[in-house]
Amino acid sequence: MSKETYSIPIGPVHPSLKEPMTFNFEIYGEHIEKVNLAPGDNHRGIEFMGMQRNPIQIIYLAERICGICSASHPFAFCQAVENAAGIEVPERAQYIRVIIAELERIHSHILWAGVAAHELGFDSVLYLSWRAREEVLDLLEYLTGNRINYGVFMIGGVRRDISEEQIPRIRKTLEYYKDIYGKIEDVFLNDPTIILRTKNVGILTKEDALRLCAVGPTARASGINKDVRQDQPYSAYADLEVKAITPDVFSGEVNGDVYDRIIVRLLEVVQSVQIIEQCLEKMPSGEIIAEKKLAKLLNQLKKAKGEGIGRHEAPRGEVFHYVKLAEAETPEVWKARAPTYNNLMTWVPMLLGQQIADIPIVVASIDPCIACMDRVTILNKNNDQRDVLTKKDLHELSVQKTRRITP
Amino acid sequence: MEYIKPEKIVELFKEKFNGSIINSRIETKTAGLTKNNYNIIRLQINSEDLKDAVKLLSTLDFPHLAIISGNDMGEEIELIYHFSIYYGERFKEISIGLSIHLSKKDLRIATITDLVPGAQVTEREMKEMMGITFEGLPDLPNLFLPQNFSKNIYPFRRDEKGIYPLSVNGNYVGNNIVKKEEVKKIE
């Protein structure tokens, strides 16, 4: 019997990433035989735009690289510029930076948990988890004025202080997450249907994760003990207890499957709560910015010469920024690396041998901000017959699979 | 795992390449109230030594490649391979940047995808954006640029192969798409 494979393209529009994706799958029956990735359909040339602007303007551009990591990119960018220009950040500002970054991690991971539930067909869990996410968004709005794109980061410090009166409100939100965490864990990690759909699905071995330079929860779920906050503590993380979370903490084993990636993300929510509590205890008083006058700061940056790197462990993995200043208004080089850039290669080993109905959850499992896996064309090479599968159809396939295998 | 000090790593490199290390620098940064520090190493090496350098790094730990950054410096293009090793242990990770200067007359360098497969995406980016030829990298379709993008234009370049408007400190250069006079007219 000749082996007839179908080719299924998925994508290409994917606006929440810097590099939107097109997938081309070779399908035999229900199984994926070959995966081709083709990103770049919506490359916005942000680095190019940045190199026409001064470093303070770039902060706001960096904030908009990703709608969810809107604290991570400016965090790494400011660090890179500070390293290049030799600016010391006041300790209090370092703590405020960490608090904002960890609040962002809580909202990002809970958002992801909701998306994962939706991909499996548990829409009630999606609504419940996104309801839980509202609390941290409200807190971020209370602290910074915005639910996303906080505008808090500035080269040499932060723009907004956290006052004594605001601390009880932060503690209240942290208590809320401690209270509901048990429920979240029960829903995601003990539910037999979620276990059936995610255990041994989309496996990424430790070796593959290392070779493909995976980062963040994707790497940690495969057993790589890698977390910039732990390995090369920057900012206030140098004073705080941070340990990379691998799934064996919870289940005693590392499989590198979708279930393990859920474990890592959920445990990181608890870890973030603990980190913020440590921050509130240890936060020193003092200045929040090295240079208050922006004109003076710009002048200083204009005269600076040097290069620096900035790294931050974003919710999805390490964000890496490289900046070279050369005594000019604009930086000579600005290179930004988002975590999905490294993680996209890991889709290939994860997806091989999986079923079409598993594509949504496996693709979502690296948390690529899967906003618009918007259209899928099924092309029958033999008779040129075309069928278009929308995201809705694909989602329906996934829901049907969940119903089918639920006892 | 045995952790080697940054100074020792630089020495190892100098030993291995018989002094062909053009430049080396160790930066120490501090963070937090406790002023814990971490190290960043920058080594400038010859382009033909890159593969051996990555092999040498692999003997210490599996090198994690963050990205390759490129910089058009006029006569030369600088590529920096941003590696890190010794992750997994608190305060131990060291960032290592391997810098390579390629003359514009000969923009070829060996691929490292056989040693670090994760380098494929970033090598393809540098190929499209900077016009570097990675020897041994399969000729795959464009990853970041549209498939029908001109083969002679490299967006990250600042010379005549770059794109308009490309401002280097206020001066427009590059004449691929719009001529200089027309640029002035538009302005």
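The structure displayed is predicted, hence computed values, not measured ones.

Rules used throughout
By convention here, each chain's residues receive numbers from 1 onward along its written sequence. The naming scheme follows written order: chains are lettered A onward, ligands numbered 1 onward. Per-residue local features of the predicted model are confined to residues with pLDDT of at least 70, and side-chain atom pairs are confined, for both listing and counting, to 80 or more; whole-chain, interface and lining totals are unaffected and use all residues. Pairing between strands is defined by DSSP: at least two bridges between the two strands are required. To qualify as a helix, a DSSP run of H or I must reach at least 4 residues; to qualify as a strand, a run of E must reach at least 2; elements of each kind are numbered from the N terminus. Axis definition: a line fit to C-alpha positions, over the contact stretch in the case of helices; interaxial angles, taken between N-to-C directions, run 0 to 180 degrees. Once C-beta atoms have been placed from the backbone, residue pairs whose C-beta atoms lie within 7 Å are recorded as contacts. Note on burial: count the other C-beta atoms lying within 10 Å of the residue's C-beta; 20 or more is buried, 12 or fewer is exposed, in between is partly exposed, and C-beta positions come from the backbone. pLDDT runs from 0 to 100 and stands for how confident the predictor is about each residue. Connectivity within a nonpolar core runs through C-beta atoms within 7 Å, and the core itself is a set of buried Ala, Val, Leu, Ile, Met, Phe, Trp, Tyr and Cys residues.

S.K.: What am I meant to see in the sheet that holds strand β1 (residues 23-31) of chain B here?
M.R.: Two modes of strand pairing occur in sheets, parallel and antiparallel, and in both the strands are linked by backbone hydrogen bonds. Residue and element names in this part refer to chain B. With mixed pairing, the five strands of this open sheet are ordered in space as β1-β2-β5-β4-β3. Two strands close off the open sheet at either side, each with one partner strand: β1 and β3 (64-72). Neighbour to neighbour, the strand axes of the sheet diverge by 20° on average, direction disregarded. As paired strands, strand β2 (residues 36-45) and strand β5 (residues 94-103) are joined by seven bridges and run parallel to one another. Across the sheet, the residue bridging to glutamine 44 is serine 99, located in β5. Taken strand by strand, helix α2 (residues 50-60) contacts β2, β4 (76-85) and β5, and its axis lies near 170° from that of β5.

S.K.: Looking at this model, I keep getting lost on the environment of A:Glu119. Mind explaining?
M.R.: All names here are of chain A. In this structure, glutamate 119 sits in helix α4 (residues 91-120). Residue classification places glutamate 119 among the buried positions, given that 26 C-beta atoms sit within 10 Å. Counting along the chain gives 213 residues from glutamate 119 to glutamate 332, while the straight-line C-alpha distance between them is 43 Å. Not counting chain neighbours up to four residues away, the residues in contact with glutamate 119 comprise Pro360, Ile361, Ala364 and Ser398.

S.K.: Is there a simple way to explain the confidence of the model for chain B in this structure?
M.R.: All names here are of chain B. Confidence in the prediction of chain B, expressed as mean pLDDT, is 83, and 87% of residues score 70 or more. When pLDDT is averaged over each element of chain B, strand β6 (residues 108-110) comes out on top at 94 and strand β9 (residues 171-173) at the bottom at 45. Taken as a whole, residues 166-179 scores under 50 in pLDDT and shows 29 contacts with residues more than four places along the chain or in a different chain. Model confidence for the complex is summarised by a pTM of 0.88, with the ipTM given as 0.87.

S.K.: What is the right way to read the nonpolar core from this model?
M.R.: Considering soluble globular proteins, one finds that nonpolar side chains tend to be buried as a cluster. Of all hydrophobic cores here, the largest spans 155 residues; its most connected members are A:Ile99, A:Ala116, A:Cys279 and B:Leu98. Ignoring sequence-local partners within four residues, the contact set of B:Leu98 consists of B:Leu43, B:Ile45, B:Leu50, B:Ala53, B:Ile80, B:Tyr81 and B:Phe83.

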